[in-house]
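Each chain is listed here by its residues.
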Amino acid sequence: MASKQRGKTIYMDQWPELQVKPGENTLMPTQHQLRSAGHRTIGGTPIALETAIELRKIVYGSVIHSFSREWRKSTLAFQDIDGPYPFGIQTQLCNSRGLALCVQGYMLKRLCFDREYTSSLFSVSSLRPNSFERRKALIDGVCEMLWQAGEKRRCCVVLLEDDASFGPDYRYRFDNITERLHLFEFKKFEDVQFFVKRNLERFQAENGCGLIQILYSLVLSRTVQKIREDMGIGEDSKAKLLTDVEDLTISLLNLTITGRAVSHLHNGDLLYDLKGSLLPVPSKGVKERANVGFLFWDKGEDPDRRTEVGSMLKTPKTPIWLTKVNHMYGLLFSTNLDLISDWRIENRFPLSYYTGLVTQAQTACLNIETRIGRPRPKTSLGRRAEEKIPPLENCIMTKWYGANITWNGTQPFF
């Protein structure tokens, strides 16, 4: 049995009982024992009742209600490596896709722009990684998100164990997830990488609640108290990170993208409202450029009062954008880092669009033309056709106004 000691915590992998086969000198576990071996990691801190209550309240707003079956099934499982998206994470057709695609964005950041290795002597596309490359990129992406939420000084990773850490209590209703968590604290980024590498399968296992573990890890890395400070709420507030339909709130979107759970998408702190009146409390926004950006479009909004996304999110440090178009999440990205630093590249460039759904059978590659722009209709028929612009194009035009967009034969989404 191998052990690894870091600080006061010892991490061990559980091995099934060994069985000696007649006539052999090698000790090997049987296949049945391998399949039935339970998940158990020695070390960490079993979650306390008070922490579980705080987690349920800040995430779900209640200690009575809990995650739906769709959220529980959501994991970080990879797409088929021989398919069209070997770089991709599979997503469910539910609101957990927002969190999964944010992890995908940080994974792409690692694959495309933070590569410290090559798979062979020949140049290989960053979007065609081998098993080792994509696994390492996912590990590093998850660790970067958690480390960012902990202000790059500490973070917390939670793992789901077999048994509850505390007994029944009138203040708390069991959900078969939160009470089974074990918490692992880290103060060095290398230690987080080592730990997530050893336990990545726990986040990818079918019915292993992988995305819920990521969500709880983000919250505890930031801490519930700092999340409340980011959101500008008190302990008695009913504000939460998931909506009533289990969608990500703006606070949770900002937490996953920027590491701070602020409740607005604009830049910095606003002191005045649209009429110039002093706000009773400053409206907190995003204070620095994010590593992964965010673009938003909703056809149901009033054209004169649309949600404004600040330049800190529109112009991230890497050309990767999480998108939310008519309540559906996606990921826009480019492999050209100069796109966000050289205005000449923005005259004409391609963008790829990824959803993670099995229904997306082929890569959607869009060509964006900003130098000439979108042709202006001259007839009433042309103006009616302009009203039928695909919502994803409208979303892209919140960043590149008036851009002419072609889909290269792909059927427009939405």
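Residues numbered from 1 in each chain as written. Predicted model: local features only at pLDDT ≥ 70, side-chain atom pairs only at ≥ 80, totals over all residues. Heavy atoms only, no water.

## Remarks on the overall build of the protein
Phase 1: Looking only at helices and strands, one finds 12 helices and 15 strands in the protein.
Phase 2: A burial count over the protein gives 50% of its 414 residues as buried.
Phase 3: Counted over contacts in the protein with a minimum sequence separation of 6, partners at least 24 positions apart contribute 64%.
Phase 4: Carbon and sulfur atoms provide 52% of the accessible area of the protein, an area that totals close to 21600 Å². (Helix = DSSP H or I, 4+ residues; strand = E, 2+ residues; numbered from the N terminus. Buried < 20%, exposed > 50% of the residue type's maximum accessible area, 1.4 Å probe, protein only. Contact = heavy atoms within 4.5 Å. Areas by Shrake-Rupley, 256 points an atom, 1.4 Å probe, with all protein chains shown as cover.)

## Some points on the pattern of salt bridges
Note that side chains of opposite charge can pair when their charged atoms are close.
Phase 1: Counted according to the given criterion, the structure contains 21 salt bridges.
Phase 2: For Lys109, the salt bridge goes to Asp114, with nearest N and O atoms at 2.6 Å.
Phase 3: One salt-bridge network, held together by shared partners, links Glu151, Arg153, Arg222, Lys226 and Asp230. (Salt bridge = Lys/Arg side-chain N within 4 Å of Asp/Glu carboxyl O.)

## Quick word on the environment of Asn207
Phase 1: Following the sequence through the fold, Asn207 ends up in the loop between α6 (189-204) and α7 (210-222).
Phase 2: Judged by relative accessible area, which is 53%, Asn207 ranks as exposed.
Phase 3: Sequence separation of Asn207 and Lys73 is 134 residues, and the distance between their C-alpha atoms is 4.9 Å.

## Focus on helix α4 (residues 97-113)
Phase 1: With 17 residues, α4 extends 23 Å from end C-alpha to end C-alpha; this agrees with the ideal 24 Å at 1.5 Å per step.
Phase 2: Summarising burial for α4: 17 of the 17 residues are buried, a large majority. (Expected span 1.5 Å × (residues − 1).)

## Some words on the sheet that holds strand β7 (residues 181-186)
Strand pairing in a sheet relies on backbone hydrogen bonds, with the paired strands running either antiparallel or parallel.
Phase 1: Pairing is antiparallel across the open sheet formed by three strands, whose spatial order is β5-β7-β6. With partners counted over all chains shown, the strands left at the sheet margins are β5 (45-46) and β6 (155-160), one partner each.
Phase 2: When β5 meets β7, the two strands line up antiparallel, connected through two bridges. Across the sheet, residue Pro46 finds its bridge partner in β7, namely His182.
Phase 3: Sitting on the sheet, α6 is in contact with β6 and β7, with an inclination near 25° to β6.
Phase 4: Strands β6 and β7 of the sheet are contacted by α7, whose axis makes an angle of about 150° with β6. (Pairing = 2+ DSSP bridges. Axes fitted to C-alpha atoms, helices over the stretch in contact; angles between N-to-C directions.)

## Quick word on the pairing of strand β10 (residues 293-297)
On a regular strand, each side chain points to the face opposite its neighbour's, so the side chains alternate between the two faces of the sheet.
Phase 1: Where burial is concerned, most of β10 is hidden: five out of the five residues are buried.
Phase 2: Where β10 meets strand β11 (residues 320-325), five bridges bridge the pair, whose relative direction is parallel. Across the sheet, residue Gly293 finds its bridge partner in β11, namely Trp321.

## Some thoughts on the sheet that holds strand β15 (residues 404-406)
Phase 1: One open sheet holds the six strands; their spatial order is β10-β11-β12-β13-β14-β15, and the pairing between them is mixed. What marks the edges here is a single partner per strand, and that holds for β10 and β15. Neighbour to neighbour, the strand axes of the sheet diverge by 30° on average, direction disregarded.
Phase 2: Direction of pairing for strand β14 (residues 364-369) relative to β15: antiparallel, over a ladder of three bridges.

## Looking at unusual backbone geometry
Phase 1: The phi dihedral of Lys152 falls on the positive side, at around 60°, and the residue is not glycine.
Phase 2: Assignment of secondary structure puts Lys152 in the loop between α5 (131-149) and β6.

## Things to note about the environment of Glu133
Phase 1: Mapped onto the secondary structure, Glu133 falls in helix α5.
Phase 2: Considered as a pair, Glu133 and Leu111 are 22 residues apart in the sequence and their alpha carbons are 7.6 Å apart.

## Considering the confidence of the model for the protein
Phase 1: Residues of the protein with pLDDT of at least 70 account for 84%, and the chain-wide mean is 85.
Phase 2: Here residues 1-38 scores under 50 on pLDDT; set against residues more than four positions off or in separate chains, the count is 43 contacts.
Phase 3: Per-residue pLDDT stays below 50 along residues 118-124; that stretch engages in five contacts with residues further than four places along the chain or on separate chains. (pLDDT = per-residue confidence, 0-100.)

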